[in-house]
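Geometric and topological summary
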Amino acid sequence: MSGPILALRGVTKSYPQGGLLDRLLGRASNFVALDDVTLQIARGDVVGIVGESGSGKSTLASLAVGLTRPTTGEILLDGEPLAALMRDHAGPWRRRIQMVFQDSGSALNPRKTIARCLAQTLALRGVPRATREDESMALLALVGLGSEMAPRLPHELSGGQRQRVGLARALAMKPDILIADEPVSSLDVSLQAQVINLLSRLTRELGLTLLFISHDLAVVRTLCTRIIVMRKGRIVEEGPCLDVLARPAHPYTQLLISSVPKGIAGRRAPAAAAASATSSVG
Amino acid sequence: MNRLARLARAADWTGWLGAAIVVVMIGAALLAPLVAPYDPVAISIEHRLSAPDAAHWLGTDQAGRDVLSRIIHGARASLAVGIGAVIIGALLGVSAGLFAAYKGGLGDQITMRIVDGVASIPLLVWAIAIVGILGVGPVTIGSLQFPNEVKIVTLVGCLFSPVFARVTYAVARRIVGADYVKARYLQGASHWQIALGEVLPNCLSPIIVQATLLVAIGIVIEASISFVGLGVQPPQPSWGTMLSDARNALYSGEWWLPVFPGIAISVTVIGFNLLGDAVRDLFDPRNEARTLVA
């Protein structure tokens, strides 16, 4: 139980730019999405990662789950290098880190019923066929959806319901770490509050470590215990959420806070205030 | 059963018409010896070139053979080539397109450039040339003997494969980037499970539409190849050879000789196209809305 559950050590991710001709002529440059990032996430932390578009938040997420590989640096999952773990594509480590996606429209296979989606996920975790249906229903209940959702196709659900199914699918793997990449930005404000409250409840009940990626400071402050502020692929500030938001040290953090409509950043907002906080920002 | 029920609700009358035509044609082809009123190759000189009447509904040709019976038997060659070529083309092309889109990078480039290469070969010209060089006799592979049509089916199948590859590739490229594919990858699903379980099903509707259109084109190609005498060999009937034989009749007034095989080709082609449209609607998961409106 000691040591960080997720650690990044000097992780850089760069993408080559320009076409084949540019590369042959040596004119190609690299776009650095993530620049020498080192961070540690402790077990049970609820960490908000904020920053503007293109600040490297989403790159960080896809590196952490192993969707992309770092150019340099090392990612450690519970002390074990992810690069080594990934040699076993379907290894038991897979279930430990799961992701909730931003776009509820593309997060679910449009041809699969919700029941089938969850059952196939459970099958990969090794749940026997006989108990898959019961467990799917339990997962739906966990995210606040009724069993009447099970036979439906994704397009028959609202955006908020789809996002809950996406969350249920991630939870079906019984993860230790959940990475949520802007899970509410495609939802309208009332649904945002519902999903945020749900995440808040589940992290407490299930003891999840949550990496919550957002550009919405008000959402982060209601949900998260720690905050990491990113800009241009670098971490500019990190610390306990309320401290950083109350006394931002870095000018970029100050800028972010000042760009939120008045009355949000300064308010002492416990989780119960999520609804009002998110709706005034939206 | 669920699928069929949805088809029944979703398809409008054009879809049903297409399905009916296709079923009738396939039924006629399969049951040709039972439904054809005469032997398609039986020569009867005393009845030659008789106009449509009660005995010969669609008339008889220069050798006194019954046109209706020949059209019914000719459906076998047309549909076998059309459907066979589409199956071969789809197997080759869909696998190539799916592989390229899923694999990405160098594998993508190599596969799709091979597809471009195949597409650049004028295969129809080649098909005619190859059959012309090899002759129209049966093909013997080991102890198995295949009729001449096998050559044509294979070559037309190769001709169709780039079309399938490109359609599959274009759709699959988009699907591969979808979050549900990533989610499945993160669950530790195998590449086979992802490619066949997530990506392929979402590419199916354009593939099926393409397939029905290509069956129609395949029927026309078979007719063309048979028309120039390199396909189905006389005295066996095929719509193409019937049209070819009817050329002289165009000037001597036996209109039933070219008209009825021509109608058979047109109606079958239209039938497959209508069916294709209906099947596309069926495979669209959002077709529930359509049914409610209708």
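Treat the numbers as computed from the prediction; the structure is a model and nothing was measured.

Before going further, it helps to spend a moment on the overall build of chain A. Scanning chain A for helices and strands turns up 11 helices and 10 strands. The burial tally for chain A puts 43% of its 282 residues in the buried class. Within chain A, contacts between residues at least 6 apart in sequence are counted, and of these 66% link residues at least 24 apart.

This part takes up the overall build of chain B. Looking only at helices and strands, one finds 13 helices and 2 strands in chain B. Here chain B, with 294 residues, has 44% of them falling under the buried criterion. Within chain B, residue pairs in contact and separated by at least 24 positions form 72% of the contacts whose partners lie at least 6 positions apart.

Turning to the UniProt feature "domain: ABC transmembrane type-1" (unreviewed entry) in chain B, a few remarks are in order. Within the UniProt annotation, "domain: ABC transmembrane type-1" (unreviewed entry) is assigned to residues 75-276 of chain B. Span residues 75-276 of chain B is 80% helix and 3% strand, its end C-alpha atoms 19 Å apart.

If you look at the interface, chain B gives 15 residues, while chain A gives 21 residues. Broken down by secondary-structure element, the contributors of at least two residues to the side of chain B that touches chain A are α8 (179-186) and α9 (191-227) of chain B. Residues belonging to the side of chain B that touches chain A are distributed by class as follows: 7 nonpolar, 4 polar and 4 charged.

Right, let's get into the nonpolar core. The biggest cluster of nonpolar side chains holds 150 residues, and the ones touching the most others in it are A64(A), I179(A), L211(A), F212(A) and V156(B). Sorting elements by how many residues they give to this core places helix α4 (residues 67-103) of chain B first, with 19 residues. Every residue in contact with I179(A), bar those within four places of it in the chain, is listed here: A61(A), A64(A), V65(A), I97(A), M99(A) and L211(A).

All names here are of chain A. Note on placement: R234 falls in strand β10 (residues 234-240). Residues R234 and T12 lie 222 residues apart in sequence; the distance between their C-alpha atoms is 9.5 Å. Those residues within four positions of R234 in sequence are excluded, and the remaining contacts are D35 and V37.

With that settled, the discussion passes to the pairing of strand β8 (residues 209-214) of chain A. All names here are of chain A. Across the 6 residues of β8, 6 count as buried, placing the element largely inside the fold. Burial of the side chains of β8 extends over both faces: T209, L211 and I213 are buried on one face and L210, F212 and S214 on the other. Of the strand pairs in this sheet, strand β3 (residues 46-50) and β8 are connected by 5 bridges, and their pairing is parallel. Pairing of V50 across the sheet is with S214, part of β8. Examined bridge by bridge, strand β7 (residues 177-181) and β8 share 5 bridges and lie parallel to one another. Residue I179 lies in a different strand from β8, and its bridge partner there is L211. Read as a crossover between parallel neighbours, the route from β7 over helix α7 (residues 189-206) to β8 is right-handed.

Looking now at the sheet that holds β7(A). All names here are of chain A. An order of β6-β7-β8-β3-β9-β10 is seen for the 6 strands of this open sheet, with the pairing classed as mixed. In the strand order of this sheet, the two ends are held by β6 (97-100) and β10, each with one partner. Strand-to-strand twist in this sheet, taken as the mean axis angle between neighbours without regard to direction, amounts to 15°. Along the sheet face, helix α6 (residues 159-172) touches β6 and β7 and points at about 175° away from the line of β6.

It is worth spelling out the packing of α6(A) against α7(A) at this point. All names here are of chain A. Packing of α6 against α7 brings their axes to within 10 Å, and their N-to-C directions diverge by 20°. Our classification of the angle between α6 and α7 gives roughly parallel. Once α6 is placed against α7, the crossing between them reads as right-handed. Across the interface between the two elements, G159, G160, Q163 and R164 from α6 touch L191, Q194, V195 and L198 from α7. In terms of residue class, the contact of α6 with α7 is made up of 3 nonpolar, 4 polar and 1 charged.

Here we come to the sheet that holds strand β1 (residues 6-16) of chain A. All names here are of chain A. As summarised here, the arrangement of the 4 strands in space is β2-β1-β4-β5, forming an open sheet in which the pairing is antiparallel. Unpaired on one side and paired on the other, β2 (30-41) and β5 (80-81) mark the two borders of the sheet. Here strand β4 (residues 72-77) pairs with β5 via 2 bridges, running antiparallel. Residue pairing for β5: L77 is matched across the bridge by E80. Relative to β2, helix α2 (residues 57-65) is tilted by about 65°, and along the sheet it contacts β1, β2 and β4.

A word on unusual backbone geometry. Glycine aside, negative phi is the norm for most residues, and most peptide bonds take the trans geometry. All names here are of chain A. With a phi angle near 55°, D78 is a residue other than glycine that sits in the positive phi range. With respect to the secondary-structure elements, D78 resides in the loop between β4 and β5. For D78, a count of 17 C-beta atoms within 10 Å translates into the label partly exposed.

With that settled, consider the pairing of β4(A). Residue and element names in this part refer to chain A. Bridge count between β1 and β4: 5 bridges; the pairing is antiparallel. Looking at the pairing, T12 lines up with T72 of β4. What sits between the antiparallel neighbours β4 and β5 is a turn of 2 residues, in which D78 has the positive phi angle 55°.

Residue and element names in this part refer to chain B. On average, residues of chain B score 84 in pLDDT, and 93% of them are at 70 or above. Here helix α13 (residues 287-293) is the element of chain B with the lowest mean pLDDT, 43, and α8 is the one with the highest, 93. Within the model, pLDDT remains below 50 along residues 288-294, and this stretch shows 5 contacts once partners closer than five positions in the same chain are excluded. Quick note on the complex model: pTM equals 0.81, ipTM equals 0.84.

Residue and element names in this part refer to chain B. Between its terminal C-alpha atoms α4 stretches 52 Å, which fits the 54 Å expected from 37 residues at 1.5 Å a residue. Largest kink in α4: about 25°, centred on G74. Burial analysis of α4 places 29 of its 37 residues in the buried class, the great majority of the element. Just past α4, the residue G104 takes up positive phi, approximately 70°.

This part is about the packing of helix α2 (residues 13-30) of chain B against helix α12 (residues 256-283) of chain B. All names here are of chain B. Where α2 contacts α12, the axes come no closer than 7 Å and their chain directions differ by 130°. The angle between α2 and α12 falls in the class oblique. Here α2 and α12 pass one another in a crossing that is left-handed. Here T14, G15, L17, G18, A19, I21, V22 and M25 of α2 come into contact with α12, specifically with V267, T268, G271, F272, N273, L274, L275, D277 and A278. When its residues are assigned to classes, the contact of α2 with α12 shows 10 nonpolar, 6 polar and 1 charged.

Cut-offs used in this document
- Residues numbered from 1 in each chain as written.
- Chains lettered and ligands numbered in written order.
- Predicted model: local features only at pLDDT ≥ 70, side-chain atom pairs only at ≥ 80, totals over all residues.
- Helix = DSSP H or I, 4+ residues; strand = E, 2+ residues; numbered from the N terminus.
- Buried ≥ 20, exposed ≤ 12 C-beta atoms within 10 Å, placed from the backbone.
- Contact = placed C-beta atoms within 7 Å.
- UniProt positions renumbered as here; feature names shortened; annotations may be inferred.
- Nonpolar A, V, L, I, M, F, W, Y, C, P; charged D, E, K, R; others polar.
- Core = buried A, V, L, I, M, F, W, Y, C linked by C-beta atoms within 7 Å.
- Pairing = 2+ DSSP bridges.
- Right-handed = clockwise from strand over helix to strand, strands pointing away.
- Axes fitted to C-alpha atoms, helices over the stretch in contact; angles between N-to-C directions.
- Parallel < 35°, antiparallel > 145°, perpendicular 65-115°, else oblique.
- Left-handed = near helix turned anticlockwise from the far one by under 90°.
- pLDDT = per-residue confidence, 0-100.
- Expected span 1.5 Å × (residues − 1).
- Bend = angle between axes of the 7 residues up to and from the residue.

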